[in-house]
Amino acid sequence: MRRLSPIALLVVALAAPAVVSLGARDASASVAYASPYTFEQTFGTALRLVRVDLGFKIVEKDLSNGYLLFEYRSPESGGRVTQGAIEIVNGRAGVHVAVQLPAMPQYHEQVLLDSLVKKLIAEHGVPPKKAPPPPADAGAPPPDAAAPP
């Protein structure tokens, strides 16, 4: 039987953790949504969805910092409670929403976010479409126009 050289063993020992970490899924991944609605509309709708529609207990809420912490119960988990969070950030590009359920598979986060989007549309209507930005050369004459003498 052939033995591996010490260098080959070192390469295998150093590469093994990298290979394992590449295959691991981050349990704290979240799903995100760029909301076309205002910060206040999005936050209020998220609060009503979590507390009223889904009946989850709100652990903490902070309007000024834009987050909700709640106890999430999945019908699949047999009533087991896990922690959940919805973050709503008002930025230059609009309102950003992130849902995090670290102890659950990512599709739970996506279902919760999809429910929020449906509720936003139901409560506030279809958001107006943003006008496309004007072309960069809107004031320039067409290329085939004659130059002034």
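Computed from a prediction, not measured in an experiment: that's the story for all the values here.

A. Local environment of helix α2 (residues 39–53). Its 15 residues give α2 an end-to-end C-alpha distance of 20 Å, which sits within 8% of 21 Å, the value for a rise of 1.5 Å per residue. Taken as a whole, α2 has its buried residues at Phe39, Thr42, Phe43, Gly44, Thr45, Ala46, Leu49 and Val50. On its buried face, α2 is in contact with β1 (30–35), β2 (57–62), β3 (67–73), β4 (81–91), β5 (94–100) and α3 (106–124). After α2 finishes, the residue Gly55 shows a positive phi value of roughly 75°.

B. The arrangement of the environment of Glu60 in detail. Tracing the backbone shows Glu60 in strand β2. Taking the C-alpha atoms as reference points, Glu60 and Phe70, separated by 10 residues in sequence, lie 6.9 Å from one another. Other than its neighbours up to four places away in sequence, Glu60 contacts Tyr67, Leu68 and Leu69.

C. View of the sheet that holds β1. Judged by pairing direction, the sheet is antiparallel, and its five strands sit side by side in the order β1-β5-β4-β3-β2 without closing on themselves. Each edge of the sheet is formed by a strand with only one pairing partner; in this case those strands are β1 and β2. The sheet shows a mean angle of 20° between the axes of neighbouring strands, taken without regard to direction. Note that β3 and β4 share seven bridges and pair antiparallel. Residue pairing for β4: Phe70 is matched across the bridge by Gly84. Contacts between α2 and the sheet are confined to β1, β2, β3, β4 and β5, with β4 contributing the most and set at about 170° to the helix. Across the sheet, α3 touches β1, β3 and β5, and the angle it forms with β1 is around 20°.

D. Representation of the nonpolar core within the structure. Tyr33, Phe70, Ile86, Ile88, Val97, Leu113 and Leu116 are the most contacted members of the largest nonpolar core, which has 24 residues in total. Those elements giving two or more residues to this core turn out to be β1, α2, β3, β4, β5 and α3. Every residue in contact with Leu116, bar those within four places of it in the chain, is listed here: Thr42, Thr45, Ala46, Leu49 and Val97.

So, how was this worked out
- Residues numbered from 1 in each chain as written.
- Predicted model: local features only at pLDDT ≥ 70, side-chain atom pairs only at ≥ 80, totals over all residues.
- Heavy atoms only, no water.
- Helix = DSSP H or I, 4+ residues; strand = E, 2+ residues; numbered from the N terminus.
- Expected span 1.5 Å × (residues − 1).
- Buried < 20%, exposed > 50% of the residue type's maximum accessible area, 1.4 Å probe, protein only.
- Contact = heavy atoms within 4.5 Å.
- Pairing = 2+ DSSP bridges.
- Axes fitted to C-alpha atoms, helices over the stretch in contact; angles between N-to-C directions.
- Core = buried A, V, L, I, M, F, W, Y, C linked by side-chain atoms within 4.5 Å.

On their own, these measurements won't tell you what the molecule is for.
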